[in-house]
Amino acid sequence: VFNIVTILLLFVAQTSFAQSLKSNLPIIVINTNGQTILDEPKISVSMGIVDNGPGIPNNSLDPFNDYDGNIGIEIRGSSSQMFPKKQFGIELQDDVGEGVNASLLGMPAEEDWVLFAPYNDKSLMRDALAYKLGRDLGQYAPRTRFCEVIINDIYQGVYVLIEKIKRDKNRVDINKLNPDENSGDNLTG
């Protein structure tokens, strides 16, 4: 009986906590309008981001000031799909479901992003730290931002917003190869 009561109290506390979350991290709020997020296909939902800037606390009830629009969202990963804390692939979308480029949390504009759930990393920062070290060494590595995530008014925890690795002038800046460019200088540059 004690365990059930404890679990119920934690659930109620978690739900009400999410409705007025205050944090120094940006807050991402996702509303699925009753839909279940699946591993394909992406479902169209709404997302807003509160980021009041360095040194200014963020509140989940503040107006969305970094992004306020539609996204397509799906569960991503392979073995990580078994973890209780899911990670998501998101695509920024317009009103008719077409991809749109936008900057999120100061990173260059693109339509594809990852909400990485560092569930099995209790420090929550191994991947973000490795990416930063790579960038500091002059190599390409995706940019990241820590954030708090709320889905359907339920607090999900700390996530890392990561640029999805893809060919783009602001990400992996390489030309697309033509089918006949498969050897020599054409292939290697």
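Residues numbered from 1 in each chain as written. Predicted model: local features only at pLDDT ≥ 70, side-chain atom pairs only at ≥ 80, totals over all residues. Heavy atoms only, no water.

## Overview of the overall build of the protein
Thinking step 1. Scanning the protein from N- to C-terminus turns up 3 helices and 9 strands.
Thinking step 2. Scanning the protein from its N terminus toward the C terminus, one meets helices and strands in the order α-β-β-β-β-β-β-β-α-β-β-α.
Thinking step 3. When burial is assessed residue by residue, the protein has 38% of its 189 residues classed as buried.
Thinking step 4. Sequence-distant contacts in the protein: of pairs separated by 6 or more residues, those separated by 24 or more amount to 54%. (Helix = DSSP H or I, 4+ residues; strand = E, 2+ residues; numbered from the N terminus. Buried < 20%, exposed > 50% of the residue type's maximum accessible area, 1.4 Å probe, protein only. Contact = heavy atoms within 4.5 Å.)

## Digging into the pairing of strand β9 (residues 154-163)
Thinking step 1. Of all the 10 residues making up β9, 8 are buried; the element is thus mostly covered by neighbouring parts of the structure.
Thinking step 2. Here 4 bridges tie strand β7 (residues 112-116) to β9, and the two strands are oriented antiparallel to one another. Bridge pairing in β9 links Leu 115 to Leu 161.
Thinking step 3. Hairpin geometry of strand β8 (residues 144-151) and β9 is characterised by an intervening segment of 2 residues between the two adjacent antiparallel strands and by a positive phi of about 50° at Asn 152. (Pairing = 2+ DSSP bridges.)

## Quick look at the nonpolar core
Nonpolar side chains tend toward joint burial in soluble globular proteins.
Thinking step 1. Core analysis: the largest hydrophobic core is formed by 26 residues, its most contacted members being Ile 30, Met 47, Ile 71, Ile 73, Phe 88 and Leu 115.
Thinking step 2. Elements supplying a minimum of two residues to this core: β2 (27-31), β3 (43-50), β5 (67-76), β6 (87-93), β7, β8 and β9.
Thinking step 3. Once residues lying within four places of it in the same chain are set aside, the contact partners of Phe 88 are Ile 37, Ile 73, Glu 74, Ile 75, Arg 76, Trp 113, Val 114, Leu 115, Ile 151 and Tyr 159. (Core = buried A, V, L, I, M, F, W, Y, C linked by side-chain atoms within 4.5 Å.)

## Focus on unusual backbone geometry
Thinking step 1. Following Glu 40, the chain continues into Pro 41 via a peptide bond in cis, with omega recorded as -5°.
Thinking step 2. Despite not being glycine, Asn 152 shows a phi value in the positive range, around 50°.
Thinking step 3. Within the element layout of this structure, Asn 152 appears in the loop between β8 and β9.
Thinking step 4. Here the phi dihedral of Asp 153 falls at roughly 65°; this positive angle occurs in a residue that is not glycine.
Thinking step 5. Secondary-structure assignment places Asp 153 in the loop between β8 and β9.

## A word on the packing of aromatic side chains
Thinking step 1. One pass over the structure, following the stated rule, counts 2 aromatic pairs.
Thinking step 2. Taking the centre distance of 5.1 Å and the plane angle of 35° together, the rings of Phe 83 and Tyr 119 count as tilted. Of this pair, Phe 83 sits in the loop between β5 and β6 while Tyr 119 sits in the loop between β7 and α2 (126-136), placing them 36 residues apart in sequence.
Thinking step 3. On the accessibility criterion, Phe 83 (23% relative accessible area) is partly exposed.
Thinking step 4. Ring centres 6.3 Å apart and planes at 20° place the aromatic pair Phe 88 and Tyr 159 in the stacked group. Residue Phe 88 is found in strand β6, and its partner Tyr 159 is found in strand β9; the two are separated by 71 residues along the sequence. Grouping residues by exposure puts Phe 88 and Tyr 159 together as buried.
Thinking step 5. Across from the ring centre of Tyr 159, 4.9 Å away, lies the NZ or CZ of Lys 85, which sits over that ring. (Phe/Tyr/Trp six-rings, centres within 6.5 Å; stacked < 30°, edge-to-face > 60°. Lys NZ or Arg CZ within 6 Å of the ring centre and 35° of its normal.)

## Topic: the pattern of salt bridges
Proximity of charged atoms lets side chains of opposite charge pair with each other.
Thinking step 1. With the rule as written, the count across this model stands at 5 salt bridges.
Thinking step 2. Its salt-bridge partner being Lys 42, residue Glu 74 comes within 3.6 Å of it at the nearest N-O pair. Of this pair, Glu 74 sits in strand β5 while Lys 42 sits in the loop between β2 and β3, placing them 32 residues apart in sequence.
Thinking step 3. Judged by its relative accessible area of 34%, Lys 42 falls in the partly exposed class.
Thinking step 4. Between Arg 145 and Asp 51 there is a salt bridge whose closest N-O contact spans 3.9 Å. Taken together, the positions of Arg 145 in strand β8 and Asp 51 in the loop between β3 and β4 (58-59) put the pair 94 residues apart, joining distant regions of the chain.
Thinking step 5. By relative accessible area, Arg 145 is classed as partly exposed at 28%. (Salt bridge = Lys/Arg side-chain N within 4 Å of Asp/Glu carboxyl O.)

## Brief notes about the environment of Asp 68
Thinking step 1. Here Asp 68 lies in strand β5.
Thinking step 2. Looking at Asp 68, the relative accessible area reads 59%, which means it is exposed.
Thinking step 3. For the pair Asp 68 and Gly 48, spaced 20 residues apart in sequence, the C-alpha to C-alpha distance is 4.3 Å.
Thinking step 4. When sequence neighbours within four positions are dropped, the list of residues in contact with Asp 68 reads Met 47 and Gly 48.

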